[in-house]
Each structure stands twice: as structure tokens, then as C-alpha cells.
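The primary structure of each chain is shown beneath.
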Amino acid sequence: MFSRSAFYSGRSGGRLFLTAALLGLSVGAARAQQELRTLDEFLTLARNTSPLLRDYAGQVAQNRIDSLRRAAQQRPQLTGNAAAVAAPIIRRRANGEGGFGYDEAVSNGGNYAAFVGATQPVLGGPVLRNDYRILESQGLVLRNTRQLAGLDLRRSITDQFLTAFAAEQQWTYNQELLRTLNQQDALLRKLVNGGVYKQTQYLAFYASVRNQEVTTQQARLSYRRELGTLRYLAGAPDTALVLLDKPQPPTYRPLAGLGSITQRQYTLDSLRLRLDREAVDLTYRPRLNWVLDAGLQSANPAPLYLSHNVGFSGGLTLTVPIFDGHQRQLSYDRLRIAEQTRTGYRAFLTTQRRQQYQQLQGIAREADQLLASIRRQVGIAAALVDAGRQQLTTGDITILDYLQLVSSYRSLQFSLTQAETERLRNLYALDYLGE
């Protein structure tokens, strides 16, 4: 927080300077004592603390693991199996007739088995390669989505930084104006005592100073609130009232085409639809697997029988799709609709981005003209205020006229701050369209 040691800088006519008493150190001293915070610092902090960006980074890592899992599925799969199933037959008569139980020809008295089985796809290279391409496409989509999230985060942080910096500038202007009015206060009281101005005129000036004190306090609170919002978005834990460094205009870049971050997602969607169609075709190819098992299997649990029933078996399994109710064509229709939707989105976004870029270019040119005009008016207003301040000492201008000059200067300063902030927002918006 700002130091209170310099709050009471002295007395003028038995009254404390209100600038120091109410607001703390001057802007120059505060900048010397407090560390400046730049836009790049907040952007770096936001990128490092964003849980959304970390989430996407984790999904990218999971995608790599999915590729390893798919490779593992192509290797031989070994499974252990064991079964001990008894099917007892309860005889009710000594001659063996009647009773309860399955027919021995069906149950064989039971099933006792323990064996290891192995299977592996044969000639599955096309399916494996297509699955790899699908996983690679998913990884590209995740990376692009992460870049989109980073771009959105940069937009929100930049916009709030500009809002906070504009609030800081307003606070600065109000402090400077209050300091100027306080300096005039002591002079005017002497002139009033000397009969140059009437007491009622001085009271109007005094009320204006008190109003400026309130305005300056409100500007300070507004800046603190906007700075807090900026820290909230960036994930900054501190709450100290620091001053922001003026952001530099971004470099001018031409409009990015289909290779931009926002357009790339539709290109990746097109690739994914082609891979999905190929996956549908591969589903209807014959599938061949080899199988092998070894162990023991017997209908009698006696050790003698079990030892005589150890063996193995092996062979090939072939699966040939014949008819599935025209699901293949339905899958094609579904992919065709998805492609039409993708094409519509991309065409709309392309037109939208081009129109937005041209509009922002026109706004940028007009904003430069507006800023030049406002700066000229601010220079004239500052000169009038300075001249009016000199005329106050000789009584050649009324206090109310001087206050009017000050009010006009304050309004122009506010307009200048707003115009500069909007110009920077416009330039950053153009910069985003270049990515």
C-alpha cells in the first residue's frame, strides 16, 4: 500500500494540502517506489496459472498415451482362463433309473479346465494406420483448442488491462487537477482578503475544490476495482495498489487466412471426417485373427484324468460382414451432413473475419484522426487554464470563468483517455485477427 509518511506535506494558511492528505504520494513518487506492472507480466502470469490451459495440456498428454494403448492392442493378447463346473446326477433308485440331473451326454458330469489363450489380428495394418491418423488428428484438435483458449485468455486479460490503465489515467489526471486547484486556493484567499475577489466567488471555488476531492477519491476506488478484476482474471494473489505501465501498441499484421487458429479447427474437422469415412470402409473388410490356447480340460476332476487331458489348440478365425441393415450408407449420410455443416461454418467465419478486419481498419484510421483532434484541443485547453491561472493573480478573470476553463480541460482529458484506450483495443483486435 502507499506510504502514509508523506501524507502531511505542510500547511498553507493553516490548512493541510488535501492532495497529500487524501490521496497519498504523488504519482511520480508512487511510480518510483512501486514496481511497475506491464501487460506482458499479467499475460505470462495468466498463462501459468490458467487451469483451462493445464487441462488441455493434460488432454494432449492423454492423447499420446491413447496412441501407445492402440499400439499395444495390436500385439498378441494373452488371457488366463479357469473353470470348475460340476453337474451332479442324483439317483433315486438302486437300478439307476429316475433321479435328478442333466443327461450325462449333455453334462459329462462336469467341466474342469485351466488354460492360457492368445489371439492377435492378422493383416490389420490398414486399420491400425487409420486409427493412428485419427488419434493424431485428435491431438492436433486439442493443441489448436488450447491455442484458441490461450487467445481468448489473452483477449480478456488485455481488455481488462486497458480498462484498468484507463482508470489509472483518470485517477492521475484528477490528482493533478486537484493539486493545481489546491495551489490556487491559497492565492485566491489572499486575493479575497485583499478585496480583489468577492467572498461568494471564493466560496464557489472552494466548493469546486471539495467536489474535485470527491471525484479524485472515486477515481481511485474505480482504479482499485478494475485492478482487482485484472488480478482476478490473471490469478494474481496480491492486493497492493500498484501502478500499471502504459501498454505499447501491437505490431500490425495482415488478416490471417485458413491457416489462422480460429480457421484451422475447420480444416482439422475436414481431416477427421475423411478419416471417419475411411474407418467406416475398414469396418466392412473381412477380419482375420489367429488364436492359440494351451492347458488342460477334462470332464472328470480326478488327478489321473486331469493329467491325461493336457493339450493345446490353434487356428484362424475369419469374420466376414454380410448384411447389417444398410448401416454403412447411413454412416455415409451422417458424415455428409457433418461436412455440409462444417463448410457452412467455415464460409460464415471467413466472411465474418474479413468484414471485421476491414471495419477495424477503418475505425483505426478514424481513431487516429480523432486522437489528433483531441490532443490539439487538450493543448489549447491547457494553455487557457495556464493563462487563466495567471490572470487570477491580477483579477482579470472571474473565478467562475476560471472554473469553467478547468472543467473544460478535465472533460477533454477524460475524452483523450477514452479515445486512447479505444484505439489500443482496436489495434489489439486487429492483431488477434492476424493469428
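Given the structure is predicted, the values throughout are model-derived calculations rather than measurements.

A. Inspection of the pairing of strand 5 (residues 287–298) at higher detail. Summarising the sheet, strand 4 (residues 110–122) and strand 5 pair through eleven bridges and their orientation is antiparallel. By the bridge assignment for strand 5, phenylalanine 115 is matched with glycine 295. Where strand 5 meets strand 6 (residues 310–319), ten bridges bridge the pair, whose relative direction is antiparallel. Note that in strand 6 the partner of asparagine 289 across the bridge is threonine 317.

B. Summary view of the packing of helix 6 (residues 125–193) against helix 7 (residues 199–234). Two numbers describe how helix 6 lies on helix 7: the axes approach to 8 Å, and their chain directions differ by 160 degrees. Comparing their axes, helix 7 and helix 6 come out roughly antiparallel. The interaxial crossing formed by helix 6 with helix 7 has left-handed handedness. For the contact of helix 6 with helix 7, the class distribution of residues is 20 nonpolar, 14 polar and seven charged.

C. Region of interest: the packing of aromatic side chains. On inspection of all chains with the given rule, the structure shows five aromatic pairs. Arranged with centres 5.9 Å apart and planes meeting at 25 degrees, the rings of tryptophan 171 and tyrosine 223 form a pair that is stacked. Here tryptophan 171 is found in helix 6, whereas its partner tyrosine 223 is found in helix 7, with 52 residues between them in sequence. The same class applies to tryptophan 171 and to tyrosine 223, which are both buried. With 6.5 Å between their ring centres and 35 degrees between their planes, tyrosine 428 and tyrosine 432 make a pair best called tilted. Of the two residues, tyrosine 428 and tyrosine 432 both sit in helix 11 (residues 399–433), four residues apart, roughly one turn of that helix. Summarising the burial analysis for this pair, tyrosine 428 and tyrosine 432 share the class buried. Above the ring of tyrosine 206, the side-chain terminus of arginine 210 is found at 4.1 Å from the ring centroid. Positioned above the aromatic ring of tyrosine 332 is the side chain of arginine 277, whose terminal nitrogen or guanidinium carbon lies 3.9 Å from the ring centre.

Calculation criteria
- Residues numbered from 1 in each chain as written.
- Predicted model: local features only at pLDDT ≥ 70, side-chain atom pairs only at ≥ 80, totals over all residues.
- Heavy atoms only, no water.
- Pairing = 2+ DSSP bridges.
- Helix = DSSP H or I, 4+ residues; strand = E, 2+ residues; numbered from the N terminus.
- Axes fitted to C-alpha atoms, helices over the stretch in contact; angles between N-to-C directions.
- Parallel < 35°, antiparallel > 145°, perpendicular 65-115°, else oblique.
- Left-handed = near helix turned anticlockwise from the far one by under 90°.
- Nonpolar A, V, L, I, M, F, W, Y, C, P; charged D, E, K, R; others polar.
- Phe/Tyr/Trp six-rings, centres within 6.5 Å; stacked < 30°, edge-to-face > 60°.
- Buried < 20%, exposed > 50% of the residue type's maximum accessible area, 1.4 Å probe, protein only.
- Lys NZ or Arg CZ within 6 Å of the ring centre and 35° of its normal.

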